[in-house]
Amino acid sequence: MNPLPLAAALTLTVAFPLHAATVETEAGPMEITEIADGFDMPWGVDFLPDGGFLVTEIAGTLVRVDAEGGRTEVSGVPQVVAQGQGGLLDVAVARDFGESREIFLTYSKPQDSGAGTALMVARLNEAGDGLTGGRVLFEMAEGGSTTQHYGSRVTEAADGTLFVTVGERGKADLAQSLGHHNGTVVRVARDGTVPSNNPFVGQDGALPEIWSYGHRNPQGAAIDGDGRLWAVEHGARGGDEINRIEPGTNYGWPEISYGTNYNGSKIGVGTEAEGMAQPEHFWDPSIAPSGMAILSDAIPGWGGHFVIGSLKFDSLHVLDPEDWSEEVIRTRETARVRDVAEAPDGSVWFISEDRGAIYRLAPAD
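Residues numbered from 1 in each chain as written. Predicted model: local features only at pLDDT ≥ 70, side-chain atom pairs only at ≥ 80, totals over all residues. Heavy atoms only, no water.

## Quick look at the nonpolar core
With 18 residues, the main nonpolar core has Trp302, Leu316, Val340, Phe350 and Leu361 as its most contacted residues. For this core, the secondary structure elements donating two or more residues are strand S2 (28-36), strand S21 (315-320), strand S23 (337-342), strand S24 (348-352) and strand S25 (357-363). No other element matches S25, which puts three residues into this core. Filtering out sequence-adjacent residues up to four positions away, Leu361 remains in contact with Val23, Met30, Glu31, Ile32, Ile299, Trp302, Leu316, Ile329, Ser347, Val348 and Phe350. (Core = buried A, V, L, I, M, F, W, Y, C linked by side-chain atoms within 4.5 Å. Buried < 20%, exposed > 50% of the residue type's maximum accessible area, 1.4 Å probe, protein only. Helix = DSSP H or I, 4+ residues; strand = E, 2+ residues; numbered from the N terminus. Contact = heavy atoms within 4.5 Å.)

What follows is the structure, given as structure tokens:
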């Protein structure tokens, strides 16, 4: 969605604020407003054109909050394997929702071997209380019985294709195999077919959905103003990364990393190797990054900046991609930030997993 001026605020941002606080930032004072609370392990949020929004809860519930604050549990969500880091994960509202009424969900889909990251599309009915016509657009081959590293952000490109981040599910070596979806970013069309210009189409032994590989657990993804895809992913002990995602590129895990194994031992061959991309930015120590938004120019001073949530340090991280200078915002509201999104009015919304709440960050009046 194209951001509107901040003055054209969403109805719901003023209809039912529950709590507000002011925090000083390099871009001036910002107000953090509690929009809704009472969620059980919320994971993803996206906006509906009528002023409402959708929230996923990891146990398998999709909630619609309308512009007046009313809540509806939406039926028709897929069956999920809600174990460990798995469950109902991301949600994205289609760019053409006004015509198609389509939304996209990522989740841990039951498989014979356990569970795998999957992408589903469905239509939200006119009443806003049910999904119809749900169908799987993608599921990873042989996800496995582990319960971690699903990745699972979904992002729609301007051409309508869909990018899904897929973690390596704790099977690090498979992130270097083009015969597995583990540790990849995949790209599919809106109908689930594989675009003919995907980089590995027609290559023997390669899964055609793969767009990039060598990832560990990318839990944030966003497209910038120039249409470029970026992802943020968990390292091991240190080595969390921001990567600009290019087709056919190998990002190195587990052969290279700026972190170490949890026992302190070296990962792979070190920090670089021929044919493997370097991160644009990395953190050591790890911040455990999750959701990510790349901002428009709606907030003066933050145009084009990345806002990334930290699960480990209970904070929002605002980074300038010109030099990767970083500002950290830490308040009572930023407890274990799971998702970050730019709203249609240009404000920054984030999910606090620990508080079970959705917050809005915008310049103070």
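## Section: the side chain of His234
Checked against the element boundaries, His234 lands in strand S16 (residues 229-234). Reaching out from His234, the side chain makes a polar contact with the backbone oxygen of Pro289 at a distance of 2.8 Å. When sequence neighbours within four positions are dropped, the list of residues in contact with His234 reads Arg216, Asn217, Gln219, Asp240, Ala288, Pro289 and Leu311. (Polar contact = N/O pair within 3.5 Å; in protein donor to acceptor, adjacent residues only side chain to side chain.)

## Some thoughts on empty space enclosed by the protein
Scanning the entire structure with this criterion turns up one cavity of 30 Å³ or more. Its boundaries defined by the atoms lining it, the largest cavity holds a volume of some 60 Å³. Looking at the largest cavity, the residues that line it are Gly214, Arg216, Glu233, His234, Gly235, Gly239, Glu241, Tyr251, Trp253, Ile256 and Ser257. Within the lining of the largest cavity, the residues separate by chemical class into three nonpolar, five polar and three charged. (1 Å grid on protein atoms, 1.4 Å probe; cavity = no way out; pocket = protein on both sides within 12 Å on 5 of 7 lines; lining within 4 Å. Points joined across faces, edges and corners; volume = space filled by probe spheres on them. Nonpolar A, V, L, I, M, F, W, Y, C, P; charged D, E, K, R; others polar.)

## Focus on the sheet that holds S21
One open sheet accounts for four strands, arranged S19-S20-S21-S22; its pairing is antiparallel. The sheet terminates laterally at strand S19 (289-294) and strand S22 (325-329), the two strands that pair on one side only. Taking each pair of neighbouring strands and ignoring which way they run, the sheet shows an average axis angle of 20°. Where S21 meets S22, five bridges bridge the pair, whose relative direction is antiparallel. Among the inter-strand pairings, Val318 is bridged to a residue of S22, identified as Glu327. (Pairing = 2+ DSSP bridges. Axes fitted to C-alpha atoms, helices over the stretch in contact; angles between N-to-C directions.)

## Concerning the pattern of salt bridges
Scanning the entire structure with this criterion turns up 15 salt bridges. Of the charged contacts, one joins Glu126 and Arg101 as a salt bridge, the two residues approaching to 3.8 Å between their closest N and O atoms. Separated by 25 residues along the polypeptide, Glu126 in the loop between strand S9 (114-124) and strand S10 (131-139) and Arg101 in the loop between helix H2 (97-100) and strand S8 (102-111) bring together distant segments of the chain. For Glu126, a relative accessible area of 66% translates into the label exposed. Using a relative accessible area of 15% as the deciding quantity, one classes Arg101 as buried. (Salt bridge = Lys/Arg side-chain N within 4 Å of Asp/Glu carboxyl O.)

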